[in-house]
Amino acid sequence: MSTIFLDLDGTLTDPKPGITGAVRHALDTLGLDSFTADQLEWVIGPPLLDSFTKLGASDPHQAFALYRAHYTDGGLYDCTIYDGIHDALETLAAAGHRLFLATAKPIAYATRITAHFGLDPHMEQQFGPDLDATFNDKGDLLRHALGLTGIDPQDAIMVGDRQSDFTAAKVNGMTSLGVSWGYGSAAELETADALCHTPRQLASDLARLIG
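Residues numbered from 1 in each chain as written. Predicted model: local features only at pLDDT ≥ 70, side-chain atom pairs only at ≥ 80, totals over all residues. Heavy atoms only, no water.

### Some remarks on the environment of Tyr183
1) Next: For Tyr183, the location among the structural elements is in the loop between strand E7 (175-179) and helix H8 (186-189).
2) Next: Accessibility expressed as a relative area gives 14% for Tyr183, which makes it buried.
3) Next: Through-space distance from the C-alpha of Tyr183 to that of Gly160 is 9.7 Å; in sequence the pair is 23 residues apart.
4) Next: Contacts of Tyr183, omitting those with residues within four sequence positions, involve Gly10, Asp14, Pro15, Lys16, Glu41, Ile44, Tyr82, Asp161, Arg162 and Glu188. (Helix = DSSP H or I, 4+ residues; strand = E, 2+ residues; numbered from the N terminus. Buried < 20%, exposed > 50% of the residue type's maximum accessible area, 1.4 Å probe, protein only. Contact = heavy atoms within 4.5 Å.)

### Focus on helix H9 (residues 202-210)
1) Next: Listing the buried residues of H9 in full gives Leu202, Ala203, Asp205 and Leu206. Along the long axis of H9, the arc covered by the buried residues comes to 165°, so they all point the same way.
2) Next: On its buried face, H9 sits against strand E1 (3-6), helix H4 (85-94), strand E6 (156-160), E7 and strand E8 (194-196).
3) Next: Gly211 sits one or two positions beyond H9 and adopts a positive phi of about 75°. (Arc of directions from axis to C-beta.)

### Description of the layout of surface pockets
If a probe the size of a water molecule is rolled over the atoms, the empty space left behind becomes visible.
1) Next: Approximately 380 Å³ is the volume attributed to the largest pocket.
2) Next: Along the wall of the largest pocket there are 27 residues; nearest its centre are Leu48, Phe64, Ala104, Pro106 and Asn136.
3) Next: Mapped onto the lining of the largest pocket, the elements with two or more residues apiece are helix H2 (48-54) and helix H3 (60-72).
4) Next: If one sorts the elements of the lining of the largest pocket by residue count, H3 sits on top with six residues.
5) Next: By residue class, the composition of the lining of the largest pocket is 17 nonpolar, four polar and six charged. (1 Å grid on protein atoms, 1.4 Å probe; cavity = no way out; pocket = protein on both sides within 12 Å on 5 of 7 lines; lining within 4 Å. Points joined across faces, edges and corners; volume = space filled by probe spheres on them. Nonpolar A, V, L, I, M, F, W, Y, C, P; charged D, E, K, R; others polar.)

Right under this line is the structure:
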């Protein structure tokens, strides 16, 4: 048996319409340059406060507040579950693996999404930042989760699509599996210990990685 920590955005769900729509709303409200949804794909995954700084917001907290108001007004459900994810989670759970969510999305939103789309029954526990940005760093989040659960990091795998997932795993002594259907670049995915290319291969690729 092994323990598997799963990212949410870009790994279990495709959140592009909801996230990019809320970011565009915030930028438009502040009179900043507008971008297309495709141009904003890079904001999916990393902490949004950092992204708003890169997007030119003089007060990223104000931009994030505008984003949050728009996103919680329905945008958080403007996403889809990648085809094959439910089957993969069922297969992993049936094999006796412990499944946990580890997301950069505030846990208050993440749990609403996992409940809405029927993902939460698969999860033993769910971890994400608080609304005040506590545990906003993925490495700190995983360290907190490992300490709270008493899980040995050498028996744990972090599954995600961005470099922040793989770096967080490394600093905590965990193995990482990158998924290529998300929003990480080829350069980011190269930093993962192993790769998976379709949700339908996720369970089998994890089984091989666990060994």
